[in-house]
Protein chains: 2
Amino acid sequence: MGITERKEKQKVEIKKKILEASMKLFIDEGFEKVSIRKIANIIEYSPTTIYLYFKDKNEILFELCEEGFILFEKLNSNLSKISNPLSRLHKMGENYVGFGLQHPEYYDLMFIQNAPMDRLAQMNDGKWIHGDRALDLLRSIIKECMTKKIIKKGDINSVSMAVWGMVHGLVSLAIRKRFTKLVDPEKVVETMHQGISWMMKTMDQSKNKI
Amino acid sequence: MGITERKEKQKVEIKKKILEASMKLFIDEGFEKVSIRKIANIIEYSPTTIYLYFKDKNEILFELCEEGFILFEKLNSNLSKISNPLSRLHKMGENYVGFGLQHPEYYDLMFIQNAPMDRLAQMNDGKWIHGDRALDLLRSIIKECMTKKIIKKGDINSVSMAVWGMVHGLVSLAIRKRFTKLVDPEKVVETMHQGISWMMKTMDQSKNKI
DNA sequence: CCTGAAATATTAACACTGTTAAGTATATTT
DNA sequence: AAATATACTTAACAGTGTTAATATTTCAGG
């Protein structure tokens with residue numbers, strides 16, 4: 001059936017167009033400015049056509065979110081060559097913070113907004129490959145730190161939460177301007193990095209401190 | 001001038017009415033559902049009247065935010081009787097997390113949403129009494145921990161950021177449902193507390209561990 | 001080639017949102 | 001009593017996501 005195949009391709013084409021237009025709006029004006037009507041304008045279709053290719057706006061935002069995770073994943077390719085797991089954890093934290101500060105819009109969608117999670121909850125399988133992969137990496141590093149007795153033993157999930165919590169807390173408080181009363185705006189990033197360093201040094205229980 | 005005084009009182013009265021209506025909507029339906037028209041409906045005035053008493057919606061949200069900080073402050077009254085500063089820090093963290101999970105809507109406004117900060121930035125003085133007070137408390141406890149050599153020495157602002165970051169990260173990831181892929185939903189709170197405990201034990205550098 | 005059905009796209013509308021300009025009614029001052 | 005100042009409302013602007021009904025295009029079978 002060559003015809004249905006071509007039709008399938010055309011459908012994918014338009015889906016791609018919609019996502020590209022959304023992405024453009026997202027990058028240029030921020031995710032709050034992404035609207036169905038604006039997307040429709042760019043792709044030169046009527047707004048309702050979009051609903052033939054996406055269930056609702058959340059589905060589009062979820063796809064943008066996935067793009068963000070792919071971007072994020074690329075950043076972590078510099079980790080494997082670091083032998084000490086705590087140094088690796090430190091680097092991963094710096095990657096995370098760097099990503100959040102460089103792409104606050106993506107970060108917002110990936111870790112702050114409800115929309116993508118609402119979509120995920122509605123999906124039948126509920127699997128989230130990109131999100132899971134980053135978490136697995138974090139968990140494995142923490143496990144290695146524990147088996148090598150570099151950090152205090154404890155429940156891996158709990159410690160993963162605490163570590164993720166810290167970096168996410170730093171990024172999200174920074175991009176939501178909650179640190180302005182604590183330090184000068186131009187010193188926020190520096191102070192954040194110092195905070196992470198302090199915590200890493202504190203966590204280091206090994207004899208040969210790194 | 002008895003007349004202008006009475007008028008002043010009436011103005012305050014209506015302002016109070018607007019805030020009470022906003023609060024009702026906020027508590028009942030969540031902050032996203034607070035709309036000028038809905039507030040107007042409750043107080044039985046036209047929507048535009050609200051603009052005679054508040055500059056815009058952000059100003060109303062800022063006031064609701066302040067209410068949240070007052071609620072939060074009350075919670076921390078149980079800290080002064082704890083002598084060990086690290087135990088006090090631990091308790092403060094638990095208070096923070098407890099508040100966030102019990103009042104996610106308030107938490108959202110206080111620490112996640114942009115609206116109140118946009119308003120704060122527009123204010124001439126830019127002072128934020130309630131927000132500052134909680135920060136000062138955190139800073140002084142961390143300072144005490146350092147001078148008593150219970151935690152590793154370091155820049156107080158950096159460490160404050162890291163500690164605040166961790167608890168904020170935990171709360172905000174939890175209320176935005178980012179932990180569902182890490183642990184079972186019913187175990188999230190427990191795991192969070194374990195994570196905080198682990199971090200406190202790790203931070204404890206004193207000889208007589210608590 | 002033509003007809004009927006299926007797929008695709010559009011128009012119009014609903015029910016909202018924050019916000020503003022212009023007009024009206026009431027109260028106070030001159 | 002007329003003029004002014006205050007308080008409030010109506011109507012409108014410019015947008016939002018989303019749906020029902022309608023129109024157009026595409027394509028298989030007769």
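Criteria and cut-off values
- Residues numbered from 1 in each chain as written.
- Chains lettered and ligands numbered in written order.
- Predicted model: local features only at pLDDT ≥ 70, side-chain atom pairs only at ≥ 80, totals over all residues.
- Least-squares fit on C-alpha atoms with pLDDT ≥ 70 in both.
- Near = placed C-beta within 6 Å.
- Nonpolar A, V, L, I, M, F, W, Y, C, P; charged D, E, K, R; others polar.
- Helix = DSSP H or I, 4+ residues; strand = E, 2+ residues; numbered from the N terminus.
- Buried ≥ 20, exposed ≤ 12 C-beta atoms within 10 Å, placed from the backbone.
- Axes fitted to C-alpha atoms, helices over the stretch in contact; angles between N-to-C directions.
- Parallel < 35°, antiparallel > 145°, perpendicular 65-115°, else oblique.
- Left-handed = near helix turned anticlockwise from the far one by under 90°.
- Contact = placed C-beta atoms within 7 Å.
- Domains from an automatic or database assignment.

1. Considerations on the relation of the copies chain B and chain A
One copy of the chain maps onto the second through a rotation around an axis plus a translation along that axis. When chain B is fitted onto chain A, the two copies agree to an RMSD of 0.1 Å after a turn of 180° and an axial shift of 0.0 Å. The relationship between the two copies is best expressed as a two-fold rotation axis.

2. Focus on the protein's contact with DNA strand C
Taken together, 18 residues sit near DNA strand C, with Ser46(A), Thr48(A), Ser35(B), Asp56(B) and Lys57(B) positioned nearest. Per-class residue counts for the surface near DNA strand C are seven nonpolar, five polar and six charged.

3. Concerning unusual backbone geometry
All names here are of chain A. The phi dihedral of Glu44 falls on the positive side, at around 55°, and the residue is not glycine. Phi at Lys177 takes a positive value of approximately 55°, unusual for a residue other than glycine. Tracing the backbone through its elements, the reader meets Lys177 in the loop between α8 (156–175) and α9 (188–203). Look at Lys177 and you get partly exposed, because 16 C-beta atoms sit within 10 Å.

4. Considerations on the packing of helix α7 (residues 129–147) of chain A against α8(A)
Residues and elements named next belong to chain A. Orientation of α7 relative to α8, taken along the N-to-C sense of each, is 115°, at an axis distance of 10 Å. Classified by the angle between their axes, α7 and α8 sit roughly perpendicular to one another. Note on packing geometry: the crossing formed by α7 with α8 is right-handed. Of the residues in α8, those in contact with Leu138, Arg139, Ile142 and Lys143 of α7 are Ile156, Val159, Ser160, Val163 and Trp164. Looking at side-chain class alone, the contact of α7 with α8 contains six nonpolar, one polar and two charged residues.

5. Considering the interface of chain B and chain A
Contacts between the two partners involve 43 residues from chain B and, on the opposite side, 43 residues from chain A. Of all the secondary structure elements, the ones that give two or more residues to the side of chain B that touches chain A are α6 (104–112), α8 (129–147), α9 (156–175) and α10 (188–203) of chain B. Residue classes in the side of chain B that touches chain A are distributed as 21 nonpolar, 14 polar and eight charged.

6. So, the domain arrangement of chain A
All names here are of chain A. Domain boundaries assigned for chain A yield domain 1 (1–54) and domain 2 (57–203). In this structure, domain 1 and domain 2 have C-alpha centres spaced 30 Å apart. Facing nine residues of domain 1, the contacting portion of domain 2 comprises ten residues. The greatest single-element share of the side of domain 1 that touches domain 2, amounting to five residues, is contributed by helix α1 (residues 2–29). Of the residues belonging to the side of domain 1 that touches domain 2, the class tally is seven nonpolar, two polar and no charged.

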